[in-house]
Amino acid sequence: PVAVGDGATLPVAVPGEGAWREMLDGALARRQFALQDYPVLAGDGSLVHRELMLRLPAGGGEVLTAGQFMPAAARVGLASACALEAVRLGIERLKASPEPIAINVAPRSLIEPDFLDRLDVLLATAGSEAARIALEVSERGLDAKLAGLDALAEVLARHGAQLGIEHFGRQLAALPRLYAIRLAYLKLDGSFVAGLHENAGHQRLVKAIVDVARGLNVVVY
């Protein structure tokens with residue numbers, strides 16, 4: 001299957017962390033965030049799920065992407081608050097559409113206080129609809145021990161939701177452990193896929209990842 005992801009963007013120049021905190025706190029309080037979706041399609045063109053990306057309207061027609069404001073959110077301790085807002089908006093979307101969704105969660109969220117407890121409560125409000133939710137964590141922000149994933153997986157399993165890892169490709173040896181915590185899928189990092197037909201080394205790596213994951217019943221996008 002193919003995942004069409006969010007493009008890399010440069011940070012927006014907002015002066016100082018105090019300004020970021022004020023902007024993000026205000027947006028959370030006023031519920032100004034929105035979601036943009038990208039379809040993940042199976043080989044036959046059918047929809048696997050819609051990957052939801054958080055967006056922040058910034059006035060004057062400008063919209064900030066997660067790539068622009070999430071680094072600042074992590075620095076000022078608001079990564080988990082933004083992640084929970086994305087989950088809340090995702091649950092609202094489920095009420096209007098039967099399509100499964102995947103929501104990006106910054107790795108930093110996993111170590112911020114109360115995130116998992118608040119996520120547990122939020123997923124409970126989704127009831128049986130939580131089974132149509134997957135939370136994705138980027139491998140890029142995880143440490144070598146994949147800190148926080150075990151506890152996150154427990155919360156998701158309690159509600160029937162799924163766990164996915166995106167930007168995967170540098171921790172092949174971690175696959176057996178990821179299988180043990182019931183990982184649903186991996187999304188390969190774009191740097192390994194771009195120009196794949198011209199890079200024999202990346203071909204071998206991708207084949208190894210797919211072969212190991214397939215043996216563990218983990219889907220690779």
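Structure: above.
What you are looking at is a predicted structure, and each value in this text was computed from that prediction instead of being measured.

What counts as what
Residues numbered from 1 in each chain as written. Predicted model: local features only at pLDDT ≥ 70, side-chain atom pairs only at ≥ 80, totals over all residues. Heavy atoms only, no water. Buried < 20%, exposed > 50% of the residue type's maximum accessible area, 1.4 Å probe, protein only. Helix = DSSP H or I, 4+ residues; strand = E, 2+ residues; numbered from the N terminus. Arc of directions from axis to C-beta. Contact = heavy atoms within 4.5 Å. Salt bridge = Lys/Arg side-chain N within 4 Å of Asp/Glu carboxyl O. 1 Å grid on protein atoms, 1.4 Å probe; cavity = no way out; pocket = protein on both sides within 12 Å on 5 of 7 lines; lining within 4 Å. Points joined across faces, edges and corners; volume = space filled by probe spheres on them. Nonpolar A, V, L, I, M, F, W, Y, C, P; charged D, E, K, R; others polar. Polar contact = N/O pair within 3.5 Å; in protein donor to acceptor, adjacent residues only side chain to side chain. Core = buried A, V, L, I, M, F, W, Y, C linked by side-chain atoms within 4.5 Å.

## Comments concerning helix α5 (residues 149–159)
Within α5, burial applies to L149, L152, A153, V155, L156 and H159. Each buried residue of α5 sits inside an arc of 165° when the element is viewed along its axis, so together they form one side. α5 presents E154 and R158 as exposed residues on the side facing more than 90 degrees away from its buried surface. Among the structural elements, α4 (115–126), β6 (133–138), β7 (162–168) and α6 (175–180) are those in contact with the buried residues of α5. Looking one or two residues beyond α5, the residue adopting positive phi is G160, at roughly 80°.

## Describing the pattern of salt bridges
Inspection of the entire model under this criterion finds 14 salt bridges. One salt bridge in this structure joins E129 and R132, with 2.2 Å as the shortest N-O distance. D189 is paired through a salt bridge with R140; the nearest N and O atoms lie 2.7 Å apart. With D189 in the loop between β8 (185–188) and α7 (190–193) and R140 in the loop between β6 and α5, this residue pair connects regions lying 49 residues apart in the sequence. We classify D189 as buried; its relative accessible area is 1%. On the basis of relative accessible area, R140 is assigned to the exposed category, the value being 53%. Look at the salt bridges and you will find they share partners, linking D37, R50, R93 and E99 into a network.

## Examining empty space enclosed by the protein
For the structure on display, the rule yields 1 cavity of 30 Å³ or more. Here the largest cavity defines a volume of roughly 30 Å³. Every residue lining the largest cavity is listed: E139, L142, L146, L149, I165, F168, Q171, A174 and L178. Of the residues in the lining of the largest cavity, the class split is 7 nonpolar, 1 polar and 1 charged.

## Focus: the layout of surface pockets
Put simply, the second largest pocket is a space of about 150 Å³. Lining the second largest pocket are L28, A81, L84, E85, R88, R118 and L122. When contributions to the lining of the second largest pocket are tallied by element, the ones reaching two or more residues are α3 (79–96) and α4. With 4 residues, the single largest contributor to the lining of the second largest pocket is α3.

## What to know about the side chain of Q171
Relative to the assigned elements, Q171 resides in the loop between β7 and α6. Beyond its immediate chain neighbours, meaning those up to four positions away, Q171 contacts E139, L142, D143, A144 and L146.

## Brief notes about the side chain of H49
With respect to the element layout, H49 can be found in strand β3 (residues 47–59). Within the structure, H49 has its side chain in polar contact with the side chain of K187 (distance 3.2 Å). Not counting chain neighbours up to four residues away, the residues in contact with H49 comprise Y38, P39, V40, P100, I101, A102, E136, Y185, K187 and Y221.

## A word on unusual backbone geometry
Positioned with a positive phi, H167 is a non-glycine residue whose angle comes to about 55°. Tracing the backbone shows H167 in strand β7. Looking at H167, the relative accessible area reads 24%, which means it is partly exposed. One non-glycine residue with positive phi stands out, namely R182, at about 65°. Assignment of secondary structure puts R182 in the loop between α6 and β8. Exposure remark for R182: the relative accessible area of 63% places this residue in the exposed category.

## Considering the nonpolar core
Residues L119, L149 and L186 are the most contacted members of the largest nonpolar core, which totals 66 residues. No other element matches the 10 residues that α3 contributes to this core. Residues within four places of L119 in sequence aside, it is in contact with L84, V87, L135, L152, V155 and L156. By size, the runner-up hydrophobic cluster in this structure holds 6 residues, among which are A102, A134, A184 and Y185.

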